[in-house]
Each structure stands twice: as structure tokens, then as C-alpha cells.
Amino acid sequence: MAKPVGEKVPKQMQGKFEEITRLTDAFCSQHLNAEYAEMSRQLAAVLCRKRPSPLATGLAKSWACGIVHALGMVNFLYDSSQTPHIKASELYQVFGVAESTGQGKSKAIRDAMKMSYYDTTWCLPSRLDSHPTAWLISVDGLPIDARYTPREIQEEAFRRGLIPYLPSINDSEEI
């Protein structure tokens, strides 16, 4: 559940990283928000560090689209009840890639990173509080919301990496 760290990328991938993040930064600035831009940069950096990096071949605009699309899948970007939101078809159009290309790059990224709808690693930080599984832990075989457990259990769950952060003491109610 550890969050990705930094934007350090190998020298041979620096140019591709900059090209991709220029595109994702511009897209997120115009259509989404700074949080999506930051997560896009982090995902691009992680993909640049993979051996071999999937980003080494292919067009930057295709990978940029795939990165935003993959993050959008995890964060329900295509659900009109969410803010921000965008249609997938508009995403492809803005990046200037075919639907099949955008979906293909997104799938390759999601497979490489083992991303899913319930992925807390790539969940936007602003959505962690309401994430459906980020706070679930098993106590004596029963799934419970860690925010409503005694502080000692919360601390142990955090130490083990089972919850994203320790809730403030005012936010938690012991059961």
C-alpha cells in the first residue's frame, strides 16, 4: 500500500519522462486538477524506473494518454457524478490518439502496475477518506473499518501498512 516516491528516473529515460509529463501536466491543468497532474508524474516516474521500461518505445502522447486513463480508471474519472470528470472519448481526442491506442496503453500500465478499481496506491489522496477498501482490516476474521477501532489497533495497522495513515484522534470513535 506504500505510496510511490519521487520523480527520480534513469538518465536514459529522462527525455521521455519530460516529454510525457509535459503532456500530462498540460492536460491535467486544462481538464482535471493538480492532484491528477502529480499522480500522473509519479506514475510516469515509476514506469520509467521499471526494467525494461514500457515507456522506452512508443509515442509520448500515447503513453501520456494511457497514464491519465489508467489513473482515471482507478479514481472513477469517467463517472459524471465525480469532480473532476471527463468522457474517455474526450481524453483520447485531446491527446490525439485513437481509442484503441489509449485503451491499450492504459491496459499495459494497469497490468504492469497491478492497478485496479480498489487500488489505494494510485488513489488520489483527496479520495482516500472515502475509499471503499482503504480502511478495511481484518480483526479476528471480521472485516472492520480501522477508523473506528482503538488507537492501538490503528497504530498496528498503520505500522503494517494496512491503512494509509493514522486518523486524527478526533476522527476516530472506539467501538
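Here the residue numbers are simple positions, counted from 1 along each chain's written sequence. Only residues with pLDDT of at least 70 get local features here, since the model is predicted, and only at 80 or more are side-chain atom pairs given and counted; chain-wide, interface and lining totals rely on the full set of residues. Water and hydrogen atoms play no part in the side-chain values, which are based on all heavy atoms of the structure.

1. Quick look at the pattern of salt bridges
A side chain with one charge can pair with a side chain of the opposite charge if their charged atoms come near.
Argument step 1. Basic side-chain nitrogens of Lys or Arg form a salt bridge, by our definition, when they fall within 4 Å of a carboxyl oxygen of Asp or Glu. Under the definition given, this model contains six salt bridges.
Argument step 2. The shortest N-O distance in the salt bridge between Asp25 and Arg41 comes to 2.6 Å. Here Arg41 lies in helix 2 (residues 34-49) and Asp25 lies in helix 1 (residues 14-31), a separation of 16 residues in the sequence.
Argument step 3. Residues participating in the shared-partner salt-bridge network are Glu156, Arg159 and Arg160. Only DSSP runs of H or I covering at least 4 residues are called helices, and only runs of E covering at least 2 are called strands; the numbering of each starts at the N terminus.

2. Quick word on helix 4 (residues 88-95)
Argument step 1. Every buried residue of helix 4 is accounted for by Leu91, Tyr92 and Phe95. Seen from one end, helix 4 has its buried residues packed into an arc of 95°, which puts them on one side.
Argument step 2. Every residue pair with non-hydrogen atoms within 4.5 Å of one another is taken to be in contact. Along its buried surface, helix 4 packs onto helix 1, helix 3 (60-74) and helix 5 (99-113).
Argument step 3. After helix 4 finishes, the residue Gly96 shows a positive phi value of roughly 70°. Note on exposure labels: buried denotes an accessible area under 20% of the residue type's maximum, exposed denotes more than 50%, and partly exposed covers the range between, all computed with a 1.4 Å probe on protein chains only. Directions pointing from the helix axis toward each C-beta atom define the arc.

3. With respect to the packing of helix 1 against helix 4
Argument step 1. Look at helix 1 against helix 4: their axes get within 11 Å of each other, and the N-to-C directions meet at 130°. The pairing of helix 1 with helix 4 is recorded here as oblique in orientation. Relative to helix 4, the crossing made by helix 1 is right-handed. Only Glu90, Leu91, Val94 and Phe95 of helix 4 make contact with helix 1, whose side of the interface consists of Leu23, Phe27 and His31.
Argument step 2. Residue type decides the class: Asp, Glu, Lys and Arg count as charged, Ala, Val, Leu, Ile, Met, Phe, Trp, Tyr, Cys and Pro as nonpolar, and the leftover types, Gly among them, as polar. In the contact of helix 1 with helix 4, the residues fall into five nonpolar, one polar and one charged. Interaxial angles span 0 to 180 degrees and are taken between N-to-C directions of axes, which are lines fitted to C-alpha atoms, for helices over the stretch in contact. Note on angle classes: values under 35 degrees are labelled roughly parallel, values over 145 roughly antiparallel, values of 65 to 115 roughly perpendicular, and the remainder oblique. By the definition used in this description, the sense in which the near helix is turned from the far one sets the handedness, with an anticlockwise turn below a right angle giving left-handed and a clockwise turn giving right-handed.

Treat this as a map of the structure, not an account of what it does.
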